[in-house]
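Coordinate inspection notes
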Amino acid sequence: MQIQNQVQLKPFNTLSLDATVSHYTKVGNIQDIEAALEFAEQHQLNVLVLSGGSNMLLPQQINALVIHLDIQGIEVLSNDDDFVRVKVGAGQVWHDFVLYSTEQNWFGLQNLALIPGLVGASPVQNIGAYGVEVGEFIESVQVYDRKLKQTQTILAADCHFAYRHSIFKDDPNRYIITHVTFKLLKQPHLKLNYGDLKQAVGDNQTAENLQNQVIHIRQSKLPDPKEYPNVGSFFKNPVIKPQEFERLVTQFSTIPHYPQANGNVKIAAGWLIDQAGWKGKQLDMVGMFHKQALVLVNYANASLADVRKTYQAVQHDVDQLFHIMLEPEPVLYNSLGLIENHTE
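Residues numbered from 1 in each chain as written. Predicted model: local features only at pLDDT ≥ 70, side-chain atom pairs only at ≥ 80, totals over all residues. Heavy atoms only, no water.

Inspection of every chain in the model, using the stated rule, returns one cavity of 30 Å³ or more. Of the voids in this model, the largest cavity is the one considered here, and its volume is about 70 Å³. Tallied by class, the residues present in the lining of the largest cavity amount to five nonpolar, four polar and two charged. (1 Å grid on protein atoms, 1.4 Å probe; cavity = no way out; pocket = protein on both sides within 12 Å on 5 of 7 lines; lining within 4 Å. Points joined across faces, edges and corners; volume = space filled by probe spheres on them. Nonpolar A, V, L, I, M, F, W, Y, C, P; charged D, E, K, R; others polar.)

See the structure below:
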């Protein structure tokens, strides 16, 4: 393990924010993690765990130790006619793993193609797209428990997966994810719940075509972070009570909505933002993308303050029009490497 000082994190966060951290190390195994945590303890530094950098908002200067995960490997644990169990290192690129799974005729993850980030971050946010959430296919998550100072395995049932949520968000400073074990299908069972996806796939209902259509749709709507720095969907789709939905639909009859199993209704945040006039609108160096209102873009060399100014203006205008306060998806960090509440 090697500790570097005053490292620029701009290449490591997809919103391309200038952020210099006082201490930085890349880890490729559990021994490196233990050594890094010991260093942080000796020097009284907070620890900021960096994965793919696709879901974080960083300040200009951070006094902390960044542990950058680079644990590789794909290991088949068991394989039968119905399922394959595969253990994947947290440092594997998520999209590459999805492509690999399709090549191996493993099914389930095709709807999640082209989501940015690494495998280790996928359980934290319980990433999802086109009617699929990754938690459906996770058997267990292997972690280093900072509280107990040991490795352990957390079964999916104990991860408390929900919409864009998991136990790892409830207790963000306790666990460092090292591997994720997936239980994937050996027989194709395609999920085509979303209209535009079902139409795009058409009669060629194969896993490969489904994956290709997901990639095509995402590329047509979402900007490439290399060209337009962004963190993907910036706001969560709000889930509201049935009575609140009834109030909304009487005034806005075309509002896109998705009934939930518990009776609540999920509303399309991108539509709300578009209706509030923010699709393609820019505030100084930051704006909402012209093809997808849900994506916030850093058009120049924006700071965290610029980003906050813009997304708070979006929240305000949506709230004024719909009486719904949008919740940002990315994690906000302060100058000590600690997670902050967006409302503070």
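On to the UniProt feature "domain: FAD-binding PCMH-type" (unreviewed entry) in the protein chain, then. Summarizing the sequence annotation, UniProt attributes the feature "domain: FAD-binding PCMH-type" (unreviewed entry) to residues 17-187 in the numbering used throughout. For the annotated span residues 17-187, helix accounts for 18% and strand for 38% of the residues, and the straight-line distance between the end C-alpha atoms is 43 Å. (UniProt positions renumbered as here; feature names shortened; annotations may be inferred. Helix = DSSP H or I, 4+ residues; strand = E, 2+ residues; numbered from the N terminus.)

In this section: the UniProt feature "active site" (unreviewed entry) in the protein chain. The positions UniProt marks with the feature "active site" (unreviewed entry) are R164, S233 and E329. Over a stretch of 166 residues, the named residues converge on one spot in the fold, their C-alpha atoms separated by at most 11.4 Å. For R164, the position within the fold is in the loop between β11 (150-155) and α4 (167-170). The exposure class assigned to R164 is buried, which follows from its relative accessible area of 12%. (Buried < 20%, exposed > 50% of the residue type's maximum accessible area, 1.4 Å probe, protein only.)

By the element assignment, Q320 lies in helix α9 (residues 304-322). Q320 sits in the exposed class, given a relative accessible area of 54%. Between the C-alpha atom of Q320 and that of G28, which follows or precedes it by 292 residues, the distance is 48 Å.

Strand order in the open sheet formed by four strands is β13-β19-β18-β17, with antiparallel pairing between adjacent strands. Unpaired on one side and paired on the other, β13 (230-233) and β17 (282-283) mark the two borders of the sheet. Pairing geometry for β13 and strand β19 (residues 295-298), over two bridges, is antiparallel. Within the sheet, the bridge partner assigned to N230 lies in β19 and is V297. This element, α9, spans β17, β18 (286-288) and β19 of the sheet and lies at about 35 degrees to β18. (Pairing = 2+ DSSP bridges. Contact = heavy atoms within 4.5 Å. Axes fitted to C-alpha atoms, helices over the stretch in contact; angles between N-to-C directions.)

This paragraph deals with helix α2 (residues 94-103). Within the sequence span of α2, burial applies to W94, H95, F97, V98, S101 and T102. The arc that holds the buried residues of α2, viewed along the axis, is 160 degrees, so those residues lie on one side. Each element contacted by the buried residues of α2 is listed here: β6 (74-79), β7 (83-89), α3 (122-125), β12 (175-185) and α6 (207-221). The positive-phi residue at the C-terminal boundary of α2 is N105, with phi of around 60 degrees. (Arc of directions from axis to C-beta.)

When its volume is computed, the second largest pocket comes out at roughly 840 Å³. For the second largest pocket, the lining is made up of 32 residues, of which T14, P116, D224, P225 and K226 are closest to its centre. Going through the elements one at a time, α6 and β13 are the ones with two or more residues in the lining of the second largest pocket. Residues that form the lining of the second largest pocket fall into these classes: 13 nonpolar, 13 polar and six charged.

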